There are 2 protein chains.
Amino acid sequence: MTQSKLTQPSPPSHTGNGADVPVDLSATTTVVRGIGRIPVTKVSPVIEGGAYPAKATVGELIPVRAKVFREGHDAVNASVILTDPAGNQTRHDMTPLPPAGLDQWEAWVRPDAEGSWTFRVEGWSDPWGTWLHNAQAKLPAAVDIELVCLEGRDLFERTAAAADEAGDPIQASILRATAQLLIPQRPAEDLLDVANGTGLAKAMRKYGPRELISPTADFPIFVDRKKALFASWYEFFPRSEGATYDAATDTWTSGTFDSCHRRLEEVAAMGFDVVYFPPVHPIGAAYKKGKNNTLDATDKDPGSPWAVGSPAGGHDAIHPDLGDWESFDRLVARATELGLEVALDFALQASPDHPWVIEHPQWFTTRIDGTIAYAENPPKKYQDIYPINFDNDPEGIYNEVLRVLRLWMAHGVRIFRVDNPHTKPVQFWGWIFDQIRATDPDVIFFAEAFTKPEMMHALGKVGFHTSYTYFTWRVSKAEIEEYMYELSRDTDSFYRPNFFVNTPDILPFHLQSGNPAIFSIRAILAAMLSPAWGVYAGFELFEYEALAPGREEYLNSEKYEYRPRDFEAQPNLNMLMGRLNEVRLAHPALQQLRQIDFHLALDDQLLAFSKTDGDDRVVVIVSLDPDNTVETEVHLDLTKLGLPADAPLPVRDELTGATFTWGARNFVRLNPAQPAHILAVL
Amino acid sequence: MTQSKLTQPSPPSHTGNGADVPVDLSATTTVVRGIGRIPVTKVSPVIEGGAYPAKATVGELIPVRAKVFREGHDAVNASVILTDPAGNQTRHDMTPLPPAGLDQWEAWVRPDAEGSWTFRVEGWSDPWGTWLHNAQAKLPAAVDIELVCLEGRDLFERTAAAADEAGDPIQASILRATAQLLIPQRPAEDLLDVANGTGLAKAMRKYGPRELISPTADFPIFVDRKKALFASWYEFFPRSEGATYDAATDTWTSGTFDSCHRRLEEVAAMGFDVVYFPPVHPIGAAYKKGKNNTLDATDKDPGSPWAVGSPAGGHDAIHPDLGDWESFDRLVARATELGLEVALDFALQASPDHPWVIEHPQWFTTRIDGTIAYAENPPKKYQDIYPINFDNDPEGIYNEVLRVLRLWMAHGVRIFRVDNPHTKPVQFWGWIFDQIRATDPDVIFFAEAFTKPEMMHALGKVGFHTSYTYFTWRVSKAEIEEYMYELSRDTDSFYRPNFFVNTPDILPFHLQSGNPAIFSIRAILAAMLSPAWGVYAGFELFEYEALAPGREEYLNSEKYEYRPRDFEAQPNLNMLMGRLNEVRLAHPALQQLRQIDFHLALDDQLLAFSKTDGDDRVVVIVSLDPDNTVETEVHLDLTKLGLPADAPLPVRDELTGATFTWGARNFVRLNPAQPAHILAVL
């Protein structure tokens, strides 16, 4: 509550002596290589030639793909060599994908520990594959039988020696015995039986020779903790929770860190696991925004929390109205007890009253008339915000940002929701993430980048763990399917989505009808399509009034005023949201990004998709029509679930508990009151 | 004619002392970089991360593309920095392509000298762009007029100083004078006029500040001589030209290097500029192939030239029946006089009688039974061919191949047509090309790779200058359009096509009707679609008989027997082929690979496309139906020709000399006797 907050603890001891980190702005370098003896090209996931690690989380299935091919007729094969953070290497056989003419190979690997991994692809010549192909072609044609037998015996015996060396005398014995079965005088079909034996194949795959091994470079993968991928976010303004209004004086008293514990409990009860707070710092007085983003604020208006900084302090301080470090620590502690992680907004900009403006004017842009440049989108002016200039004194500002982050990290904040990261240099973020990852790899950064695709992707590449998305503007079936294919197949190695149904800045047009059914539909879509989803308070109460027609902004936005709510008011979506989070937790399939497939529904208003993770399979059928009953046939491609195409499909609807037997073709009827089936395959 | 040919000249002096070149098989390395201050990603053309140079020829327009973007609202810009073989750098402004949201930038550059070039893309912050955008937004809104003027004057004056420094006092004066026009008291529309002035823009684009310049790595481009891209090939067997048959003894006498000069003259007269000969080396006797690829050859059968090697010599010797080094030199000299380059077949395989088999058995594969492995596609055997093993003694075989190539190069062969390169290690070819390019960058290698796309592309990437293609199997309009888009847009930086209408190995199904119209159509398509095209002798005589139904091989293939022809027999395509080559020579547009667009023809049997190079524009309309008249409308998108959409289009038909005025919509009627219009835009 006092300015002494500026002298809060220096960064925790593991950051060293607190001295500035030298800012090396030379670009990251890495080495890529040409085509080796066995060509391996188009390796993925490789981010910017290997300059940045591909993304993975613990236990996540990651596809490694490459084109692998060779000259002539001899067999080619390929493996992935995975190196864990401790330096242990494991080999994973790759599989050729049809059609063979495209030379596409693939292996799915599942890293099991956090940290810096690498992988490489090794193409190799496969004498076993060559021999087997020859045997399968020549034995039935009675060609070269003696030679085939001689070569087979030699190959099996060499492999037996390798099995011995690997301490596997059983396989060695099997191989030696099989070699003895290759007697040229035997009938060709008997010899073919020997060649095609499964036991032989297993032993040969394990110990058979790999020749002309041609490795690619080792490419980095960083394995984050699972929450970077799978999380359920809830956003509320602490100042609204417990805020009180005194009609006599027409004055609000702010809610505080202490007065919002009850909301924490309710949020946790609905199964959310991340609670996200807008900035909690002192708010500037200069050009403070009033209700509905007006310019005539009074002392009674609380101002926008994103106008960070006042004489009471900047990014390293707490707004006096909210509490102090002790009450912040209590809030984090209570959240932790409840299984909630606190995500703090990190808005790198300053109000004109921010202490940085006086102490470090070089961190801003001074215009030719001597004034400090405020934010603009000409001719619009945002005079309450001074953007930071990262180029005048990178050493100074970079290290200051690092100091501030480490301060909050030391107070238990391990997730930052970064405001408008696309208005800061991409390179700056890369540097920050390099520093943080070196000491605190569990810290997660969530990009609020609503901008063009290249920038959103670049932010992911340099290390943002997760990002807001275009989900808000993907409404029709075709839009959703196309976007999910992009997210799950094209950008999955560097861009992790978090599907927010709304934000304080965005009241999507489709919610502005206020029809509760569309709120249910969008919650179900977000929670089922994406491993991470999020809700901003008020959504569950069907808040829908826009600032003006044609605008996707809230009327009476909480950004500019206190908005205490009665979250138990009826109707609400508390129950549905809680159930969705329960179902997400119960089903590993819903925690994956990549394992999603869409199925044919004979109506454009019905979306059908399935998600899988091994034996866990979930089929989701959602009506996209909040106004009408939709009834049609849904054709499930059961092979996408790893089942026979005509298998009976016993399912349980996770929303109603009802059980059915579905199959490849199913009649579905959904209506605004029950707009979805979430079917667990039993 | 004798074995002394084995002691032919050692490689020319510029290859050094003739000592073996060490074979370094470690993969090529290069450095790629992360995202810089101004992000530049997805740079092209970059082959395998920069491990190999992208392809270009002298005078060819090459697109350089990248995604360039930045944080915030300030203007971004980009340039290509091109470095020529002498180290001179030139800057080429990039242009943003619509839609802006995709951040795609492009510049077309035209290297003007052979050799090793590099390019990099520089993203930069553009104060002029930022100021202009601000001025255009703020002046009409009467916002910050004084500041806009102040900033503009400062910017122009700084730029004037830069113009002075560059020795351009005129531009400096213009800039200083323009600065004086920015008087805040003037009406906003006048100030806006000043800001929007073209003279100002030119001066600012030339000398304006470029800040935060963020270069990518320098990526290689190798600029070949033009023939690597633009060439007209003709293939014939020297042994057939002048071959005579003595019925009394049922014996053939081979044609010779000397007896085929007349055919050279005829080929040159038709405007071809490369003449390609199948292998001219001694042919093995072991398992020699008889007529129609039979196994019962007699002494009277000449054998397949691709079964290289006999006691008379190997790849470094001349078949005694064809002549000797002197007559070979005479042949090359005569070809050169006629404007023809000789392309020699380079078939890296040996007959069992090849001297290498005795002298270097380690260059082949010895099987477990002690025999040398012949070629196989199990269960099929090709016992007349020993494939080379490149892994037993790479130092030996690599250097031997280099020696042989240099031997023929010293005798004037600067183009090699490489037989089946995809049955040899890709890495081997990369090594060979590195050696040859270092001393003889004019030598061109043409890949006979009819195989899977990845291999064909890899061969191009490691340095094959040009390649056979799938053109033979692209027959329908949809197939041709799709393939041309791939060749001109997707693979253009590493894969140069040469469209052969037939080869001794391939008599395409579509020619097997023998209908002369389909021969015309395919010749026109090949010659007009691709900058390089080729014909194998007999095509112009409509030879069409297949070995067997369902086979794309010639009956009585010249590979296994003498085939002297009467090339003046009527009807023939001599005149059409000559005219096509004339037209190709007259029109730079037809010498380009990338500048091709397809237009709408309202009939699936009519193909319409245009090619351009600057002001040279050619529109080609081809009927794909050899049996029927096709009449329909053709809608030309004239903007693809760099013309207004509704421009009148005066054209001359290069096949008939007739002139017309075409336009955006045209009625076309073509028939088997006149299956195409080749329209030069006047």
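Here we summarise the structure given alongside this text.

1. So, the overall build of chain A
Looking only at helices and strands, chain A has 14 helices and 33 strands in total. In chain A, which comprises 682 residues, the share counted as buried stands at 60%. In chain A, the proportion of contacts linking residues at least 24 apart, taken out of those at least 6 apart, comes to 75%. Accessible surface, chain A: about 25,600 Å² in total, of which carbon and sulfur atoms supply 52%.

2. What to know about the sheet that holds strand β16 (residues 341-346) of chain A
All names here are of chain A. Read across the open sheet, the 8 strands follow the order β23-β22-β21-β16-β15-β12-β25-β24; overall the sheet is parallel. Each edge of the open sheet is held by one strand with a lone partner, namely β23 (466-467) and β24 (499-500). Both strand β12 (residues 231-235) and strand β15 (residues 274-277) contribute to a ladder of 3 bridges, which runs parallel. When the sheet's bridge partners are listed, Trp-233 is paired in β15 with Val-274.

3. Considerations on the interface of chain A and chain B
Taken residue by residue, the interface counts 62 residues in chain A and 62 residues in chain B. Area buried by chain A at its contact with chain B is led by Ile35(A), Ile368(A) and Glu454(A), which between them contribute 13% of it. Counting across the chain A and chain B interface gives 12 salt bridges. Applying the counting criterion to the chain A and chain B interface returns 16 residue pairs in polar contact (both at pLDDT 80 or more). At the level of secondary structure, the elements contributing two or more residues to the side of chain A that touches chain B comprise β1 (29-33), β2 (40-44), α1 (127-138), α2 (145-165), β18 (375-377), α10 (426-439) and α11 (453-462) of chain A.

4. Here's the deal with the pairing of strand β32 (residues 665-670) of chain A
It is a general feature of regular strands that their side chains alternate between the two faces of the sheet. Residues and elements named next belong to chain A. Here β32 shows a buried face lined by Asn-666, Val-668 and Leu-670 and an unburied face lined by Arg-665, Phe-667 and Arg-669. With 6 bridges connecting them, strand β29 (residues 630-635) and β32 associate as antiparallel partners. Along β32, the bridge assignment pairs Val-634 with Asn-666.

5. Notes on the pattern of salt bridges
For the structure on display, the rule yields 102 salt bridges over all chains. Residue Glu337(A) pairs with Arg334(A) through a salt bridge whose shortest N-O separation is 2.6 Å. Of the two residues, Glu337(A) and Arg334(A) are both situated in helix α7 (residues 325-337); the distance of 3 residues between them amounts to about one turn of the helix. By relative accessible area, which is 59% here, Glu337(A) ends up exposed. Judged by its relative accessible area of 23%, Arg334(A) falls in the partly exposed class. Where Asp505(A) meets Lys559(A), a salt bridge forms, and the shortest distance between an N and an O atom there is 2.4 Å. Placement of the pair is Asp505(A) in the loop between β24 and α13 (516-529) and Lys559(A) in the loop between β25 (532-536) and α14 (574-586), with a sequence separation of 54 residues. A single salt-bridge network, built from bridges that share partners, covers Lys138(A), Asp144(A), Arg367(B), Glu376(B) and Lys381(B).

6. Comments concerning the side chain of Ser351(B)
With respect to the element layout, Ser351(B) can be found in the loop between β17 (349-350) and α8 (355-359). Reaching out from Ser351(B), the side chain makes a polar contact with the backbone nitrogen of Asp353(B) at a distance of 2.9 Å.

7. Section: helix α12 (residues 477-490) of chain A
All names here are of chain A. In this model, α12 (14 residues) spans 19 Å end to end at C-alpha, consistent with the 20 Å of a helix rising 1.5 Å per residue. Among the residues making up α12, those that are buried are Lys-477, Ile-480, Glu-481, Tyr-483, Met-484, Leu-487 and Ser-488. Those residues of α12 that are buried are in contact with β24, α13, β26 (596-601) and β27 (606-613).

8. Some details on the environment of Val223(B)
All names here are of chain B. Along the chain, the position of Val-223 falls in strand β11 (residues 219-224). Given a relative accessible area of 1%, Val-223 falls into the buried group. Placed 108 residues apart in sequence, Val-223 and Gly-115 show a C-alpha to C-alpha distance of 5.1 Å. Ignoring any residue separated from it by four or fewer positions in sequence, one finds Val-223 in contact with Ala-56, Thr-57, Val-58, Pro-111, Ala-113, Glu-114, Gly-115 and Trp-117.

9. Notes on the relation of the copies chain A and chain B
Mapping chain A onto chain B calls for a screw motion: a turn of 180° about the axis and a shift of 0.0 Å along it, with 0.0 Å RMSD after fitting. In the structure described here, the two chain copies are related by an operation that fits a two-fold rotation axis. In this assembly, 100% of the residues forming the interface of chain A have copies in chain B that are likewise at the interface, indicating an isologous arrangement.

Quick notes on the rules
- Within each chain, residues carry numbers counting from 1 in the order of the written sequence.
- For naming, the first written chain is A and the first written ligand is 1, with later ones following in the order written.
- Given that this is a predicted model, residues contribute local features only at a pLDDT of at least 70 and side-chain atom pairs are listed and counted only at 80 or more, while totals for whole chains, interfaces and linings are drawn from all residues.
- Note that the side-chain values use all heavy atoms of the structure and ignore hydrogens as well as water.
- Here a helix means four or more residues in a row that DSSP labels H or I, a strand means two or more in a row labelled E, and each is numbered from the N terminus.
- Here the term buried applies to any residue with accessible area under 20% of the maximum for its type, exposed to any over 50%, and partly exposed to those in between, with areas from a 1.4 Å probe on protein chains only.
- When checking whether two residues touch, look at their non-hydrogen atoms; a contact exists if any pair is within 4.5 Å.
- Computed with a 1.4 Å probe, the accessible areas rest on the Shrake-Rupley method; for each residue, only the protein chains presented here act as cover.
- By the convention used here, strands pair only if DSSP detects at least 2 bridges between them.
- A simple way to read buried area is as the amount of 1.4 Å-probe accessible surface that goes missing from two parts once joined, with both sides added.
- Should a side-chain nitrogen of Lys or Arg be within 4 Å of a carboxyl oxygen of Asp or Glu, the pair is scored as a salt bridge.
- Nitrogen and oxygen atoms within 3.5 Å of one another constitute a polar contact, given that in protein one can donate a hydrogen and the other can accept it, and given that sequence-neighbouring residues count only through two side-chain atoms.
- Helix span, expected: 1.5 Å multiplied by one less than the number of residues in the helix.
- Only residues with pLDDT of at least 70 in both copies count here: their C-alpha atoms drive the least-squares fit that superposes the copies.

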